[in-house]
Amino acid sequence: MLFKPYLTPTHEHDIEHEVKRSKFLTFARPTATTATANDFVKALRAAHPQANHVCWAYIVGSPDSTLRSMSDDGEPSGTAGMPMLKILEHSGLGDITVAVVRYFGGTKLGTGGLQRAYSDAVAQVLKELQTEEKVDRVAVQASFDYALEGAIKSALGSFNCAKTDFNYAESVSLTSLVPRNELDAFCEELTNICSGKLTLLVSKDN
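Residues numbered from 1 in each chain as written. Predicted model: local features only at pLDDT ≥ 70, side-chain atom pairs only at ≥ 80, totals over all residues. Heavy atoms only, no water.

**Q** Explain the sheet that holds strand 3 (residues 22–30) to me, please; I cannot follow it from the model alone.
**A** Across a sheet, paired strands are connected by hydrogen bonds in the backbone, their directions being either parallel or antiparallel. The five strands lie next to each other as 2-3-6-4-5, forming an open sheet whose pairing is antiparallel. Of all strands in the sheet, those bounded by a partner on one side alone are strand 2 (13–19) and strand 5 (68–71). Looking at each pair of strands side by side, their axes are set apart by 15° on average, direction ignored. Bridging between strand 2 and strand 3 involves seven bridges; their strand directions are antiparallel. (Pairing = 2+ DSSP bridges. Helix = DSSP H or I, 4+ residues; strand = E, 2+ residues; numbered from the N terminus. Axes fitted to C-alpha atoms, helices over the stretch in contact; angles between N-to-C directions.)

This is how it looks when you write it as structure tokens:
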């Protein structure tokens, strides 16, 4: 199946706001697996043992992924987790968990008020969230002569590579994550620069 790039958080982001004396602490985290998402929620519960509710929603994988879930955590059904998940679904983001910790302030908000409070909490935390495009990448390793290092480094600027590292021993070793849709052109470019005199290894695990 063709991989479609999507946006995912690069950093954690937290905000706090108050509605009728109830305090809402909202957290957004990059979570690429359901285990990571669940661990985050578990840790948040442990950090806020006195909170009345810890509601959450997540999407693992791309925005179209079926790996999604949510929880009202004791709030009236449909007033917290589902509104939070709907905001996520319309955000275009993937690999993300949002959680809202509520400390009850003594005034009931009603069904509509709760839905607005949880929706607004997620919308606000996403507004300032730093994101990046997630691209399907393949790990590539290459070894070549020192004399070719300059040309290789110059060629790398033509590709959307990530986490590129050079190691120096008897020859120069390069490791990089190359977008899958650029892989053939990348390998061809390096092969041409080295006149075929290089060792090239493409990871089969991607």
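**Q** Got a minute to help me understand unusual backbone geometry in this structure?
**A** What you tend to see is this: most non-glycine residues have negative phi, and most peptide bonds are trans. For Lys20, which is not glycine, the phi dihedral falls at a positive 50°. Taking relative accessible area as the criterion, Lys20 reaches 55% and is therefore assigned exposed. Residues other than glycine seldom take positive phi values, yet Lys163 does so here, at roughly 50°. Judged by its relative accessible area of 67%, Lys163 is exposed. (Buried < 20%, exposed > 50% of the residue type's maximum accessible area, 1.4 Å probe, protein only.)

**Q** What is the right way to read the sheet that holds strand 9 (residues 162–168) from this model?
**A** Pairing in this open sheet of four strands is antiparallel, and the strands run 9-10-8-11 from one edge to the other. Looking at which strands have only one partner, the edges of the open sheet turn out to be strand 9 and strand 11 (199–202). Strand after strand, the sheet turns through a mean of 15° between neighbouring axes, direction not considered. One ladder, built from five bridges, connects strand 9 with strand 10 (residues 172–179); its direction is antiparallel. Directly across from Asp165, in strand 10, lies its bridge partner Thr175. Contacts from helix 4 (residues 149–156) reach strand 8 (137–144), strand 9 and strand 10 within the one sheet, and its direction differs from that of strand 9 by about 175°. (Contact = heavy atoms within 4.5 Å.)

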